[in-house]
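These are the residues of each chain, in order.
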Amino acid sequence: MANSTWRNIQVIIVGAGPSGLILSLILARASIQVTLLDSEATIDSRPRAAHYAPSAIRVLQQAGVLADVRRDGFMPKDMTWRKIDGTPIVTLTDCSQSRHNPEALTVLPLNLLGKVLLKHAEANSKIELRWNQRVVDIGQDAGRAWVVAKDQAGNLVEILGDYVVGCDGANSQVRKSLFGEKNFPGKTWHAQIVATNVYYPFEKFGYDDINFIIHPTDYYMAARITTDGLWRVSYGEDTSLTLDEVVAHQPAKFARMLPGHPQPTDYELLNVGPYRIHQRCADAMRFGRICLAADAAHLCNPFGGMGLTGGLVDVGGLAECLIGIAEQRADAEEILDVYDRVRREVYHTIIDPISSSNFLRVSATDPETAVEKDEFLAMVKRAGEDKVLRKELDDVSSLVLHYPDGCGIL
Ligand SMILES: Cc1cc2nc3c(=O)[nH]c(=O)nc-3n(C[C@H](O)[C@H](O)[C@H](O)COP(=O)(O)OP(=O)(O)OC[C@H]3O[C@@H](n4cnc5c(N)ncnc54)[C@H](O)[C@@H]3O)c2cc1C
């Protein structure tokens, strides 16, 4: 992009997870040179995100990957909250509103999303992607920012740029280097979530594309995540169990919780991944020339799929800021402060409270009275008969991670 006001900037992105890859793609499409570093040899394929809400869809569009994501993924239909015996409590029909909404909720498991993103990144000459580079330190002065990375042989290399962005996930080294090893304000839930990918015909039992089962101990989400019948089952487990114990206990959990009470021979289990869950946000998402985004900056529990959705809105906004700086349309000090303020405000006012309610709804609500006592479920029920309310509900679910106009995608 060569015009008289264009200023070449070099951005170093730490972490080639979904947020780092998307940020790289948006910047590279605007002709900004990116160095993308990851400590591993390739993308992470653990069972994590699969559902991306409308605000994330807008960012996938910004990165030029939405058509491929939609080709490989799908838009889910109904979403139902159920009792443990499968009895429906309330249903949100056509939850993605795909006929009316070009930014409709879309499903694609993170490992498949990663493949799409990687293909686009590898084809873009503005992105230099370096695997096996573990960032161990960062630094900055008035004119530059840098990272120190260690390769597999233990060699240290310093890489210089104009800005550094930490997209290096929940255990972010960039965040730790900025704020200290243990400084990540918030809380850890007294809960362990086990995410599994499994082939099992839930549809035969009348289950919809997305199901939330409300129960004090056997709460879970069962959602179809591919068009060939793979399902994500994420369930609560005793926090005292070790990984081996979680794996050993999984068949008994499935036999007790899932419709049809299946034995291991009735399903094909592909992955089992236990996670502790957190609600945390860093004290700042910008410190001079160094920024944080997505899980490196904030975490929420996975019920309702707000983690990466929020992270992608971060990187969409941050990319706009950095492009504005390169085009000399924006003052770097001011615009990066806006990024920091707006994204943390969105976390504290939207992502944290809504994702917390989502978790409490499935794990700490009486299923017998949920539809009367839980405000959100009561609204879903009323929206089934009231078109105006349904429109309001859809607008809320489209807007949960947007910020009011004026801050735009930020
Ligand atoms: C069970 C489960 C289900 C979920 N479901 C959803 C969902 O449906 N929708 C949704 O929006 N979100 C969901 N999430 C959250 C979502 O998975 C995360 O928010 C998302 O993966 C974060 O992406 P990221 O790019 O910020 O970090 P990560 O995906 O963690 O990527 C970080 C990258 O940084 C690299 N890295 C780490 N340290 C260094 C270092 N020192 N140097 C260099 N590289 C480094 C890592 O190798 C990795 O590649 C779910 C999470 C879980 C656990």
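Every value quoted in this text rests on a predicted model; they were computed, and no experiment measured them.

What counts, and where the lines are drawn
Residues numbered from 1 in each chain as written. Predicted model: local features only at pLDDT ≥ 70, side-chain atom pairs only at ≥ 80, totals over all residues. Heavy atoms only, no water. Pairing = 2+ DSSP bridges. Helix = DSSP H or I, 4+ residues; strand = E, 2+ residues; numbered from the N terminus. Contact = heavy atoms within 4.5 Å. Axes fitted to C-alpha atoms, helices over the stretch in contact; angles between N-to-C directions. Parallel < 35°, antiparallel > 145°, perpendicular 65-115°, else oblique. Left-handed = near helix turned anticlockwise from the far one by under 90°. Nonpolar A, V, L, I, M, F, W, Y, C, P; charged D, E, K, R; others polar.

Sheets are built from strands that pair by backbone hydrogen bonding, the pairs being arranged parallel or antiparallel. Spatial ordering of the open sheet is given by 5-4-13-14-15-12-16-19, a layout of eight strands whose pairing is mixed. Unpaired on one side and paired on the other, strand 5 (88-92) and strand 19 (298-299) mark the two borders of the sheet. Strand direction decides the pairing type here: strand 13 (residues 210-213) and strand 14 (residues 220-224), joined by four bridges, are antiparallel. In the sheet register, Phe212 faces strand 14, and the bridge partner there is Met221. Sitting on the sheet, helix 6 (residues 243-257) is in contact with strand 12 (186-199), strand 14, strand 15 (230-237) and strand 16 (268-281), with an inclination near 110 degrees to strand 15.

The subject of this paragraph is the sheet that holds strand 9 (residues 145-150). Strand order across the open sheet formed by three strands is 8-9-10, with antiparallel pairing between neighbours. A strand with exactly one partner marks an edge of an open sheet, and here the two such strands are strand 8 (134-140) and strand 10 (156-161). Looking at each pair of strands side by side, their axes are set apart by 25 degrees on average, direction ignored. Note that strand 9 and strand 10 share six bridges and pair antiparallel.

So, on to the packing of helix 2 (residues 54-62) against helix 7 (residues 307-326). Close contact between helix 2 and helix 7 brings their axes to 8 Å; oriented N to C, the two are set at 45 degrees. Classified by the interaxial angle, the pair formed by helix 2 and helix 7 is oblique. Along this stretch, helix 2 crosses helix 7, giving a crossing that reads as left-handed. Counted together, Ser55, Ala56, Val59, Leu60 and Gln62 of helix 2 and Thr309, Leu312, Val313, Val315, Gly316 and Glu320 of helix 7 form the full contact between these two elements. Residues belonging to the contact of helix 2 with helix 7 are distributed by class as follows: six nonpolar, four polar and one charged.

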